[in-house]
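Next come the chains, spelled out residue by residue.
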Amino acid sequence: MSFENDTIPVAQRAYPEDLAEVAQQHTPETDSPAIRTVAPEDLGTWLGKGWRDLWQMPVALVHGLVITMIGLVLLGLSWNQPWMAFSWLAGFLLLGPVLAVGVNDLALRKERGQPGGLGLRWLGTLGGSIWAFAALLAVLFVIWASFVWMWIAVLNIGELGVTGQLHHMVGAMLTSGTGIISLAGVVVAAIAFGLVVFALSLATIPALLDHRMRDDAPQKSLVESIGVSLKAFSHNPGPLMLWGLIITALFMVSLATALLALIVIFPWLGFAMWHGYRDLVGSPAAA
């Protein structure tokens, strides 16, 4: 038996005569912006640039003041419910990226030489995307809070002998074997939730802002922006996990000062977050 195609040369069967006719295969990897490789020393550059931006646009301190006041109110209301107070403290890290959208907006304005204002322009430009992303992080926060409640308030509260206030709970955890095991469980859960949220939100808000404010770039959906964030994390896991540790360490400094240092640290990290996005993600034209 013979086949007519057997007489056609292999090269003609595999390729068209004009290579321009070959269409590029489109995948999520090829359609998203290029991701640059960063090194650990770049993290210090982000912090340095963010620090300079903060004092060139001190209005960002208003954002830090508002976030600090909200945190103090929430801690005051939940101080006698240690599991809830603990959840709120971790919640600041989980919800921090979406809370920093105003500071990111100020960073973009400064980059373009535009008037700063209060950094509220995003309210009219991001539409439902920002609220949908906030809802996603809120769901993750509820899951986290539910775990802490189950782990501390239900499973271990009786064994630890906690009398009801946050500082009593921490003291009980650090002075008993049961408490240390309980604390280890909470820490492991916090790391797991933190990594998920960090990967999801690393570049999501900056990517949304960057593309919504550009007339020469295609508009990105929330899903596409989250994809950019996940891609950036997967290409630079080592340096970016170190970046997450730096953010956590600075938040611990805020806790040591009864959240007062957060007035400065929160906008500082918001500006640094923007510079990190610029170093990590290629421009729309390059993509």
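Now for a description of the structure that goes with this document. Quick caveat: nothing in here was measured; it's all calculated off a predicted structure.

Some points on helix α4 (residues 60-78)
Here is step 1 of the chain: Under the 1.5 Å per step criterion, the end-to-end length of α4 is 28 Å for 19 residues, consistent within 8% with the ideal 27 Å.
Here is step 2 of the chain: Of the positions making up α4, those classed as buried are A60, H63, G64, I67, T68, G71, L75 and S78. The arc enclosing the buried residues of α4, seen along the axis, measures out at 130°, which places them on a common side. Set apart from the buried face of α4 by more than 90 degrees, the exposed residues are M69, G76 and L77.

Section: the packing of helix α6 (residues 101-111) against helix α15 (residues 262-280)
Here is step 1 of the chain: Across the interface, α6 lies against α15 with an axial gap of 8 Å and an inter-helix angle of 55°. Taken together, α6 and α15 sit at an angle that is classed as oblique. When the axes of α6 and α15 are compared, the crossing they make is right-handed. Seen from α6, the contacting residues are V103, N104, L106, A107, L108 and E111; seen from α15, they are F266, P267, G270, F271, M273, W274 and R278.
Here is step 2 of the chain: Broken down by class, the residue content of the contact of α6 with α15 amounts to nine nonpolar, two polar and two charged.

Focus on the pattern of salt bridges
Should the charged atoms of two oppositely charged side chains come close, the side chains can pair.
Here is step 1 of the chain: All told, the structure shown has four salt bridges when counted by the stated rule.
Here is step 2 of the chain: A salt bridge links K110 to D53, with the nearest nitrogen and oxygen atoms 3.3 Å apart. Placement of the pair is K110 in helix α6 and D53 in helix α3 (residues 40-56), with a sequence separation of 57 residues.
Here is step 3 of the chain: Its relative accessible area of 29% is what places K110 among the partly exposed residues.

Things to note about the nonpolar core
Here is step 1 of the chain: Ranked by size, the top nonpolar core spans 62 residues in total, and within it W46, W144, L202, W243, F271 and L280 carry the most contacts.
Here is step 2 of the chain: The element best represented in this core is α15, accounting for 10 residues.
Here is step 3 of the chain: Not counting residues within four places of it along the chain, the set of residues in contact with L280 comprises A34, I35, R36, V38, W46, L202, A232, N236 and L240.

Points about the environment of G227
Here is step 1 of the chain: Structurally, the position occupied by G227 is in helix α13 (residues 222-235).
Here is step 2 of the chain: Spatially, the C-alpha atoms of G227 and P33 are 9.9 Å apart, while their sequence positions differ by 194 residues.

Brief notes about the environment of P33
Here is step 1 of the chain: Relative to the helices and strands, P33 is located in the loop between α2 (28-31) and α3.
Here is step 2 of the chain: Residue classification places P33 among the buried positions, given a relative accessible area of 3%.
Here is step 3 of the chain: The sequence separation of P33 and V281 amounts to 248 residues, and the corresponding C-alpha distance is 6.4 Å.

Reading guide: rules and limits
- Residues numbered from 1 in each chain as written.
- Predicted model: local features only at pLDDT ≥ 70, side-chain atom pairs only at ≥ 80, totals over all residues.
- Heavy atoms only, no water.
- Helix = DSSP H or I, 4+ residues; strand = E, 2+ residues; numbered from the N terminus.
- Expected span 1.5 Å × (residues − 1).
- Buried < 20%, exposed > 50% of the residue type's maximum accessible area, 1.4 Å probe, protein only.
- Arc of directions from axis to C-beta.
- Axes fitted to C-alpha atoms, helices over the stretch in contact; angles between N-to-C directions.
- Parallel < 35°, antiparallel > 145°, perpendicular 65-115°, else oblique.
- Left-handed = near helix turned anticlockwise from the far one by under 90°.
- Contact = heavy atoms within 4.5 Å.
- Nonpolar A, V, L, I, M, F, W, Y, C, P; charged D, E, K, R; others polar.
- Salt bridge = Lys/Arg side-chain N within 4 Å of Asp/Glu carboxyl O.
- Core = buried A, V, L, I, M, F, W, Y, C linked by side-chain atoms within 4.5 Å.

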